[in-house]
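Working through the structure, step by step
What follows is each chain in one-letter form.
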Amino acid sequence: MGDTVISDTSTLPVHIAIVMDGNGRWAEERNQPRLFGHKAGVKSVRTVVETAREIGIQHLTLYAFSTENWKRPSLEVKGLMSLLDSYLKSEQKTMLKNDIRLQCLGQLNRLPPQVRKTLTRVISATAQCTAMTLNLALSYGSRNEIIRAVREVSGKCMTGELAPDDLNEEILSNHLYTAGQPDPELFIRTGGERRLSNFLLWQVSYAELYFTDVKWPDFGRAELLEAVADFGARQRRFGKTGSQLSQE
Ligand code: IPE
Ligand code: IPE
Ligand code: MG
């Protein structure tokens, strides 16, 4: 790993969530098929994971495939699934070396059996790693995640394990795919669109939003450091006034 540029770690986000968007347009600009862009995007994934780990980010969540993305042409879906499988196979060693724990957020059961097998293997191989958690959001949709959590919670209410009046934010959070992890503090979306696209709607309620026109295959180390520096310069007030914060 290279030199660390960030010297003030007090303003480092503990959790960064990224909507990796723009692969298709990046490829189209080069008169290439969309899959060419997705392949180039895998390189950015490697760089961003390595950089995040190096600067001390503890949780990194990458939106790799949404529940809505199943509506894409089947050839593109197949290509994405096969890229995912080969990425996971090639990264297991590096993840172990860099002490990175892999987690998956989403509907694992909808993924092709081969991908599920590889994913389960890497998740269990890296389960004891502690330096950084890498969450891959796969077949992920935030509303679906919330419904699933509400179902579990209401099941507990039916059996008497939980009283409806005792339900609170912490309990609901602990039924989401991100259970046990802090909420993202920095939300990044590449590719120029300014929307959330059903990503971590509950968890980003107080995240700082950072949108860039840079398309995902062009998003590398410098771009991530720039986003982190931008985050560091923001005043997070959480409802208070600026002067209250300066007196703290
Ligand atoms: C993001 O890039 C990757 C996935 C959704 C899998 P896109 O494929 O959405 O790229 P654009 O938005 O069409 O450029
Ligand atoms: C969001 O990107 C999902 C991922 C990056 C995996 P999309 O490109 O699918 O988002 P929309 O549909 O254009 O909002
Ligand atoms: Mg897109």
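Everything below is about the structure shown above.
To start, this report covers the structure provided alongside it. (Residues numbered from 1 in each chain as written. Chains lettered and ligands numbered in written order. Predicted model: local features only at pLDDT ≥ 70, side-chain atom pairs only at ≥ 80, totals over all residues. Heavy atoms only, no water.)

Here we take up the packing of aromatic side chains. In this structure the tally under the stated criterion is 10 aromatic pairs. The interplanar angle of 65° and the centroid separation of 6.2 Å between the aromatic rings of phenylalanine 187 and phenylalanine 211 together place this pair among those described as edge-to-face. With a gap of 24 residues between them, phenylalanine 187 in strand β5 (residues 186–189) and phenylalanine 211 in strand β6 (residues 208–211) connect regions that are remote in the sequence. Judged by its relative accessible area of 0%, phenylalanine 187 is buried. The rings of Tyr63, Tyr140, Tyr177, Phe187, Phe199 and Phe211 are connected pair by pair, giving a single aromatic cluster. (Phe/Tyr/Trp six-rings, centres within 6.5 Å; stacked < 30°, edge-to-face > 60°. Helix = DSSP H or I, 4+ residues; strand = E, 2+ residues; numbered from the N terminus. Buried < 20%, exposed > 50% of the residue type's maximum accessible area, 1.4 Å probe, protein only.)

Looking now at the site of ligand 2. The environment of ligand 2 is formed by Val19, Met20, Asp21, Tyr63, Ala64, Phe65, Asn69, Arg72, Arg189, Arg195 and Ser197. One of the side-chain nitrogen or oxygen atoms of arginine 189 is found 3.3 Å away from an oxygen atom of ligand 2. Serine 197 places a polar side-chain atom, nitrogen or oxygen, 2.5 Å from an oxygen atom of ligand 2. If ligand 2 stood free it would expose 390 Å²; the protein chains cover 78% of that surface. (Near = heavy atom within 4 Å. Polar contact = N/O pair within 3.5 Å; in protein donor to acceptor, adjacent residues only side chain to side chain. Areas by Shrake-Rupley, 256 points an atom, 1.4 Å probe, with all protein chains shown as cover.)

Let's shift gears to the site of ligand 1. The environment of ligand 1 is made up of Met20, Asp21, Gly22, Asn23, Gly24, Arg25, Arg34, His38, Ala64, Asn69, Arg72 and Leu80. A distance of 2.9 Å separates an oxygen atom of ligand 1 from a polar backbone atom of glycine 24. Within the contact set of ligand 1, an oxygen atom lies 2.7 Å away from a side-chain nitrogen or oxygen of arginine 25. When isolated, ligand 1 has an accessible area of 380 Å², and the protein chains bury 87% of it. Mapped onto the shell around ligand 1, the elements with two or more residues apiece are α1 (23–29) and α2 (34–55). Broken down by element, the shell around ligand 1 gets its largest block of residues, three residues, from α1.

Right, let's get into the state of the cysteines. The full count for this structure, using the stated rule, is zero disulfides. Cysteine 129 provides the cysteine sulfur closest to cysteine 104, a residue in no disulfide bond, and the two sulfurs are 17 Å apart. By relative accessible area, cysteine 104 is classed as buried at 15%. (Disulfide = S-S within 2.5 Å.)

Okay, the pattern of salt bridges next. Between side chains of opposite charge, pairing is possible as soon as their charged atoms come close. Taken as a whole, this structure holds 19 salt bridges when the rule is applied. In this structure, the salt-bridge partner of glutamate 76 is arginine 34, at a minimum N-O distance of 2.9 Å. Taken together, the residues glutamate 76 in helix α3 (residues 74–97) and arginine 34 in helix α2 connect sequence positions 42 residues apart. We classify arginine 34 as partly exposed; its relative accessible area is 30%. Of the charged contacts, one joins glutamate 54 and arginine 221 as a salt bridge, the two residues approaching to 2.9 Å between their closest N and O atoms. With glutamate 54 in helix α2 and arginine 221 in helix α7 (residues 221–232), this residue pair connects regions lying 167 residues apart in the sequence. (Salt bridge = Lys/Arg side-chain N within 4 Å of Asp/Glu carboxyl O.)

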